[in-house]
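Secondary and tertiary structure notes
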Amino acid sequence: MQLTLNTRAVALRSALVTPLCLIGSVFVGGLLGDVLHAGLGHLAEDTRIALAVIPALLAVIGGGALWGRAIARITQVGDARRMTWAGALGYGPTVILVALGLTVLENLIVEQRRVPDLPIHVVFTLLFAPAALVVAAIGALALGVALKDKALLARLAIGSGLAAGITFLVVNLLMDALGWRVGAPGAAERATMLTVMLTSNLAASLAAGAVIGWLLARRQRV
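Attention in this report is confined to the structure presented alongside it. (Residues numbered from 1 in each chain as written. Predicted model: local features only at pLDDT ≥ 70, side-chain atom pairs only at ≥ 80, totals over all residues. Heavy atoms only, no water.)

As for the nonpolar core
Heads up, the condition is: Put simply, a nonpolar core is a bunch of buried Ala, Val, Leu, Ile, Met, Phe, Trp, Tyr and Cys residues held in one set by side-chain atoms that sit within 4.5 Å of each other. Residue exposure (1.4 Å probe, protein chains only): buried if accessible area is under 20% of the type maximum, exposed if over 50%, otherwise partly exposed. Put simply, DSSP H or I for four residues or longer makes a helix, DSSP E for two residues or longer makes a strand, and each gets a number counted from the N terminus.
Counting 46 residues, the largest nonpolar core has Trp67, Ile71, Met83, Ile212 and Leu216 as its most contacted members. At the level of elements, helix 1 (2-39), helix 2 (45-75), helix 3 (80-111), helix 4 (120-146), helix 5 (150-177) and helix 6 (192-221) are the ones that each hand at least two residues to this core.

Things to note about the pattern of salt bridges
The cut-off we apply is this: When a carboxyl oxygen of Asp or Glu is within 4 Å of a side-chain nitrogen of Lys or Arg, the pair counts as a salt bridge.
Taken as a whole and assessed by the stated rule, the structure comprises one salt bridge. Between Arg181 and Asp176 there is a salt bridge, with the nearest N and O atoms lying 2.8 Å from each other. Classification of Arg181 by relative accessible area gives partly exposed; the value is 36%.

Structural notes on the packing of aromatic side chains
The way to describe two aromatic rings as a pair is by their centre distance and the angle between their planes. Operational definition: Note on aromatic pairs: the rings of Phe, Tyr and Trp (six-membered ring only in Trp) are paired at centre separations within 6.5 Å, and the planes decide the class, stacked below 30 degrees, edge-to-face beyond 60, tilted for the rest. Look at NZ for Lys and CZ for Arg. If either is within 6 Å of the ring centre and within 35 degrees of the ring normal, a charge sits over the ring.
If you walk through the whole model with that rule in mind, you get two aromatic pairs. Plain terms: the ring middles of Phe124 and Phe168 are 6.2 Å apart, the flat faces sit at 35° to each other, and that makes the pair tilted. On the criterion of sequence distance, the pair formed by Phe124 in helix 4 and Phe168 in helix 5 is long-range, its members being 44 residues apart. Residue class for Phe168 comes out buried when judged on its relative accessible area of 0%. Ring pairs connect the aromatic residues Phe124, Phe128 and Phe168, which therefore count as one cluster. Of note, Arg190 hangs over the ring of Trp180, and the distance from its end group to the ring centre comes to 4.0 Å.

Structural notes on unusual backbone geometry
Most peptide bonds take the trans configuration, and most residues that are not glycine carry a negative phi. One non-glycine residue, Gln76, lies in positive phi territory at about 55°. Structurally, Gln76 is set in the loop between helix 2 and helix 3. Although it is not a glycine, Ala191 adopts a positive phi angle of roughly 50°. Mapped onto the elements of the fold, Ala191 is located in the loop between helix 5 and helix 6.

Structural notes on the packing of helix 4 against helix 5
Definition in use: Whenever a helix is involved, its axis is fitted only over the stretch in contact; in every case the axis is a line through C-alpha atoms, and angles between N-to-C directions fall within 0 to 180 degrees. In these notes the angle categories are as follows: under 35 degrees is roughly parallel, over 145 is roughly antiparallel, 65 to 115 is roughly perpendicular, and the rest is oblique. Working rule for handedness: look at the near helix, and if it is turned counterclockwise from the far one by less than a right angle, call the crossing left-handed; if clockwise, right-handed. Classification used: nonpolar for Ala, Val, Leu, Ile, Met, Phe, Trp, Tyr, Cys and Pro, charged for Asp, Glu, Lys and Arg, polar for all others including Gly.
It is the contact of helix 4 with helix 5, at a shortest axis distance of 7 Å, that shows an interaxial angle of 155°. Taken as axis vectors, helix 4 and helix 5 run roughly antiparallel relative to one another. Here the hand of the crossing between helix 4 and helix 5 comes out right-handed. Looking at the contact of helix 4 with helix 5 residue by residue, the classes come out as 18 nonpolar, seven polar and one charged.

Interpretation note: all reported values are geometric properties and have no functional meaning in isolation.
Here it is in structure tokens:
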């Protein structure tokens, strides 16, 4: 019974630290990027955007590093240094690449209408739920690589990815049913897209973190 309680405690702590480090670093990075962008008003817009990406990237890499180290301490597995590097490299670059991919896809679907016309809330769901899955899966995969455990890394990637993707989808659909529909009349005035995205991503990161903590805690029992 004690082992079960410990496993649950580890999963809970892992769940809580995940959004704190990962979602928190996105906010910090966005804030720093906005401040730098505004302070470089004398430069060309493309240059300002390129420079503003730098502190944002450093922030999410730093958040990923803190996350990897925290997971190592919570679960008491592996080399904390390797886990720190895994968190940094598995999360930071992935978030930036996924964000760029979403921007390109949104432009193709919404602006250029390269696919059949779809409601905005459907496009949002089709793009962001898989994005949550990819970010969670690659971040967890990196932890498995750091632990040098081929069997575990597959379980971490699949379990964490599915947990994040499904949770994002469920929360998104629930908020839509409650009246928080992305793209609906008046949605911009109450920042519906930002609210739904933040809430769904928070829930997704909690779910992914719980799965990671659970799997790593069970590994320690073997």
